[in-house]
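Below are the chains, spelled out letter by letter.
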Amino acid sequence: MSDSAVPVPPRLCDATLAGLPAHVARPAYDRTRTRIGVVHFGPGAFHRAHQAAYLDAVLDADPAWAICAVSLHSPGVRDALRPQDGLYTLVLQGERPALRVVGSIRELLCAPQEPEAVLARLADRDVRLVTLTITEKGYCLSADGVDLAHPDIVHDLASPEMPASAIGWLVAGLRARRDRGFEPFTVLSCDNLADNGGRLRRAVLQFAAQLDPRLADWIETGVAFPRSMVDSITPASDDALRAWVAAQAGVEDAWPVQREPYTQWVVEDHFPHGRPPLERAGVVLSDDIAGYDRAKLRLLNAPHSALAYLGSLLEIDTVAAAMREPALAGFVERLMQQDIVPTLKLPRGFDPDAYIDAILARFRNPAIAHRLAQIAWDGSQKIPVRLLGTIADALAAGRPIERLCLPVAGWLHFVRRQARHGVPIVDPLADTLARVGAAGSGEAKGEAVGGTAGGTVGQMVDGVAGGTTGKVAGGAAGGVDAFLALDAVFAPLSADERFVAALRRAYAALGDASPAAVAAALAADGRA
């Protein structure tokens, strides 16, 4: 080696663990004493930054819950981490990044290449929990069960001994345990889809019934499918992260992962055959997963959409940058506290003030570059569940909806701006939205601007601010009505005159949707 060559750091593994710098946290237990009690399908970045980190935190108290990580398709994770004895670095991206080596993964398998090993592990008596993070499409679901026409399901029903799908592997493993007289494992979906445990249970039972009705009966009476909710932003790993980890830890890590410091895992406490001591690692055990899902959808996702559309109109790029705009940050905080919380039926023990504080801190985190343009995607699907449901509940309770309508109006203006400039709209209704946006992009242009600078949302439409009597209301009506005709988005609220009037007022308050007009509308809300 020449004098100018840069030395290659050693590889992260059990042998190099003890030599890590003091600022790098590492497992607080003897890995050789742990036993594999969990099989996880889909060991991507989210699992390794989330569930595997939680289990890493309980292994010192109970060593029976180490993980066998199974990839359903690519051997990439296995090939990266097997030479590292399953170890990898988790970087918590706050104002001061923190490093932690996670040791809960003790075995890595690739199902298409090692099917016998996967089946043997699923049939292992020590395994009492199977978890999954495979995204919604990975479950091969239909509206009420499993998609029997999906190619992977068709394959697995024809060749159940060599599964391709997660459903096929679950049923193969449960069949092997039944045939050996072992207790079944519990199946825990960790993907954010509504009623994840219930939907997975129905899919597994339907698939099993196609193969063996008696096996389906055994699963129905003995296998638990707890519901869960997870939350943490996990940016993708890249070469810059690998280089930074190597510089900080002095070892090479082929596949480190990163996430924000905040993390949440809420699990239904239904584990008839035993579970890890999850509460020791901060997991919330609750019988109201739907309540936590609803709180997240309305208190986290709805403000995200508000930032996305109003921030984009202000020509801001990221969530953190949007939160540095006092008028927008103040609007979002008022939206959460004054308009969303009163509509929620919160789970027992849920502290809305603490949750809001945590969300605002997450939004302000400068280390997470969460782009508003990405959050703005798929508005026709997000707006109904994130905002319109809250508006409907507020109307039913006789509460004001003016502020709630402003981000909805922001979406309308955002769509029109994209259409006017020929920017593609990322949305299942993209073609329809582009036509609606292009057709009406100039209807209200300039008519509400004079009023926007001087009054509240209500004053804009009443036509008393800035001398725009008669023009603002008409322009707002023309700008809004074409969107209200989209029943897939706005029905049945589009038939409620209170909502229609409030949305027109909000649309008018944003004027021509220029940064100055949007800033003025936010300032007016703050003064109201």
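A brief report on the enclosed structure follows. Just so you know, these numbers come straight off a predicted model, no measurement behind them. (Residues numbered from 1 in each chain as written. Predicted model: local features only at pLDDT ≥ 70, side-chain atom pairs only at ≥ 80, totals over all residues. Heavy atoms only, no water.)

Glancing now at helix α17 (residues 402–420). In a regular helix each residue adds 1.5 Å, so 19 residues correspond to 27 Å; α17 covers 27 Å between its end C-alpha atoms and thus fits that length. Most of α17 sits inside the fold, with 17 of its 19 residues counted as buried. Gly422, located one to two residues past α17, shows a positive phi value of around 70 degrees. (Helix = DSSP H or I, 4+ residues; strand = E, 2+ residues; numbered from the N terminus. Expected span 1.5 Å × (residues − 1). Buried < 20%, exposed > 50% of the residue type's maximum accessible area, 1.4 Å probe, protein only.)

Tallied over the entire structure, the rule returns 1 cavity of 30 Å³ or more. When its volume is computed, the largest cavity comes out at roughly 60 Å³. Lining the largest cavity are Ile233, Leu300, His304, Val319, Ala320, Arg362, Phe363, Asn365, Ile368 and His370. Looking at the lining of the largest cavity, the elements with two or more residues in it are α11 (289–313), α12 (319–322) and α14 (352–364). Among the residues forming the lining of the largest cavity, the class breakdown is 6 nonpolar, 3 polar and 1 charged. (1 Å grid on protein atoms, 1.4 Å probe; cavity = no way out; pocket = protein on both sides within 12 Å on 5 of 7 lines; lining within 4 Å. Points joined across faces, edges and corners; volume = space filled by probe spheres on them. Nonpolar A, V, L, I, M, F, W, Y, C, P; charged D, E, K, R; others polar.)

On to the sheet that holds strand β5 (residues 98–102), then. The strand order across the open sheet built from 4 strands is β1-β5-β4-β10, with neighbouring strands paired in mixed fashion. What marks the edges here is a single partner per strand, and that holds for β1 (24–25) and β10 (257–259). Pairing geometry for β1 and β5, over 2 bridges, is parallel. By the bridge assignment for β5, Val24 is matched with Leu99. Where helix α10 (residues 239–249) meets the sheet, its contacts fall on β1, β4 (88–92), β5 and β10, and the angle it forms with β4 comes to roughly 100 degrees. (Pairing = 2+ DSSP bridges. Contact = heavy atoms within 4.5 Å. Axes fitted to C-alpha atoms, helices over the stretch in contact; angles between N-to-C directions.)

The next thing to look at is the sheet that holds strand β7 (residues 129–132). Taken in spatial order, the 5 strands line up as β6-β3-β2-β7-β8 in an open sheet, and their pairing is parallel. Edge positions in the open sheet fall to β6 (105–110) and β8 (186–189), since each of these has one partner strand only. When strand polarity is set aside, the average angle formed by the axes of neighbouring strands in this sheet is 20 degrees. By the bridge criterion, 5 bridges tie strand β2 (residues 36–41) to strand β3 (residues 66–71) in an arrangement that is parallel.

Here the focus is the nonpolar core. General note: in soluble globular proteins, nonpolar side chains tend to be found buried as a group. Ranked by size, the top nonpolar core spans 77 residues in total, and within it Ile391, Trp411, Phe490, Phe499 and Leu503 carry the most contacts. Residue contributions to this core peak at 12 residues, all from α11. Residue contacts for Ile391: discarding those within four places in its chain leaves Ile401, Leu404, Cys405, Val408, Leu493 and Phe499. With 40 residues, the next largest nonpolar core counts Ala66, Val127, Val130 and Phe185 among its residues. (Core = buried A, V, L, I, M, F, W, Y, C linked by side-chain atoms within 4.5 Å.)

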